[in-house]
Amino acid sequence: MKTNALGTRRQALTLLTSMLGSGFLASKAAAHGEEGVSIVPLFNQELAGHPEEQVSMTVVTYAPGKSSPPHRHHGPVFVYVIEGSVELQITGGPLTTVKAGETFYEPPGSIHEVSRNASKTEPAKLIAFIVGKTGTAVTSPVKE
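1. Here's the deal with the overall build of the protein
Turning to step 1, where the next piece is worked out: Within the protein, the secondary structure is distributed over one helix and ten strands.
Turning to step 2, where the next piece is worked out: Listing the helices and strands of the protein from first to last along the sequence gives α-β-β-β-β-β-β-β-β-β-β.
Turning to step 3, where the next piece is worked out: Counting across all 144 residues of the protein, residues that qualify as buried make up 34%.
Turning to step 4, where the next piece is worked out: Within the protein, contacts between residues at least 6 apart in sequence are counted, and of these 64% link residues at least 24 apart.
Turning to step 5, where the next piece is worked out: Summing over all exposed atoms, the protein offers an accessible surface of approximately 8,600 Å²; the carbon and sulfur share of this is 58%.

Okay, structure coming up:
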């Protein structure tokens, strides 16, 4: 049976979503973050051929109406929304609503001014792929 790239992605996301829903991956790392915001690291790996760089994969879950404080990532961030909708704003740019099945890009070093659940009644969940320097924190707080 031949599977196209879209079918393979759907299968992988379905498997990942079912694992997240079952708590399988949450058992790999303690959830932490602001009240109503769960941040669960899933994966951290040095990039082949670039030992000074790593990629991290993190699941962020927002309870209804919850948000993260302003922060920055020193490398590029690629976001895929799994469930619900999130509102994101980067360094003075437009406030953007990203819905389940959509993606978002955050340039290196930019300030993530707004990161919140767009709904007051439904949870939201995203996966963030973050590239950065090996051995450094993937997120830094921003003093207001």
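There is more to say after this.
2. Looking at the sheet that holds strand β3 (residues 71–72)
Turning to step 1, where the next piece is worked out: Sheet architecture is open: five strands sit in the order β6-β5-β8-β3-β10, paired in antiparallel fashion. Edge positions in the open sheet fall to β6 (96–99) and β10 (140–141), since each of these has one partner strand only.
Turning to step 2, where the next piece is worked out: Note: strand β5 (residues 85–90) against strand β8 (residues 111–117), five bridges, orientation antiparallel. Paired with E87 across the bridge in β8 is R116.

3. Let's talk about the sheet that holds strand β1 (residues 37–47)
Turning to step 1, where the next piece is worked out: Sheet architecture is open: five strands sit in the order β1-β2-β9-β4-β7, paired in antiparallel fashion. Strands with a single pairing partner mark the edges of an open sheet, and in this sheet they are β1 and β7 (103–106). With strand direction ignored, the average angle separating the axes of adjacent strands in the sheet is 20°.
Turning to step 2, where the next piece is worked out: With six bridges connecting them, strand β4 (residues 77–83) and strand β9 (residues 124–133) associate as antiparallel partners. Note on β9: the bridge partner recorded for V81 is L126.

4. A word on the confidence of the model for the protein
Turning to step 1, where the next piece is worked out: Per-residue pLDDT for the protein averages 80, and the proportion of residues at 70 or more is 76%.
Turning to step 2, where the next piece is worked out: Between the elements of the protein, mean pLDDT differs from a low of 43, seen in helix α1 (residues 5–22), to a high of 97, seen in β6.
Turning to step 3, where the next piece is worked out: Counted against residues more than four places away or in other chains, residues 1–32, with its pLDDT under 50, gives 27 contacts.

5. Some points on the layout of surface pockets
Where empty space is left can be seen by rolling a probe of water-molecule size over the atoms.
Turning to step 1, where the next piece is worked out: Looking at the largest pocket, its volume works out to about 610 Å³.
Turning to step 2, where the next piece is worked out: The wall of the largest pocket is formed by 33 residues, among which I39, V60, H71, H73 and T139 lie closest to the centre.
Turning to step 3, where the next piece is worked out: The set of elements that each furnish at least two residues to the lining of the largest pocket consists of β1, β2 (50–62), β4, β8, β9 and β10.
Turning to step 4, where the next piece is worked out: The dominant element in the lining of the largest pocket, judged by the number of residues it contributes, is β2, at six residues.
Turning to step 5, where the next piece is worked out: Looking at side-chain class alone, the lining of the largest pocket contains 17 nonpolar, 14 polar and two charged residues.

6. A look at the environment of T134
Turning to step 1, where the next piece is worked out: Positionally, T134 belongs in the loop between β9 and β10.
Turning to step 2, where the next piece is worked out: For T134, a relative accessible area of 31% gives the class partly exposed.
Turning to step 3, where the next piece is worked out: Ignoring anything within four residues of it in the chain, the contact list for T134 reads E46, P51, E52, E53 and Q54.

How each quantity is defined
- Residues numbered from 1 in each chain as written.
- Predicted model: local features only at pLDDT ≥ 70, side-chain atom pairs only at ≥ 80, totals over all residues.
- Heavy atoms only, no water.
- Helix = DSSP H or I, 4+ residues; strand = E, 2+ residues; numbered from the N terminus.
- Buried < 20%, exposed > 50% of the residue type's maximum accessible area, 1.4 Å probe, protein only.
- Contact = heavy atoms within 4.5 Å.
- Areas by Shrake-Rupley, 256 points an atom, 1.4 Å probe, with all protein chains shown as cover.
- Pairing = 2+ DSSP bridges.
- Axes fitted to C-alpha atoms, helices over the stretch in contact; angles between N-to-C directions.
- pLDDT = per-residue confidence, 0-100.
- 1 Å grid on protein atoms, 1.4 Å probe; cavity = no way out; pocket = protein on both sides within 12 Å on 5 of 7 lines; lining within 4 Å.
- Points joined across faces, edges and corners; volume = space filled by probe spheres on them.
- Nonpolar A, V, L, I, M, F, W, Y, C, P; charged D, E, K, R; others polar.

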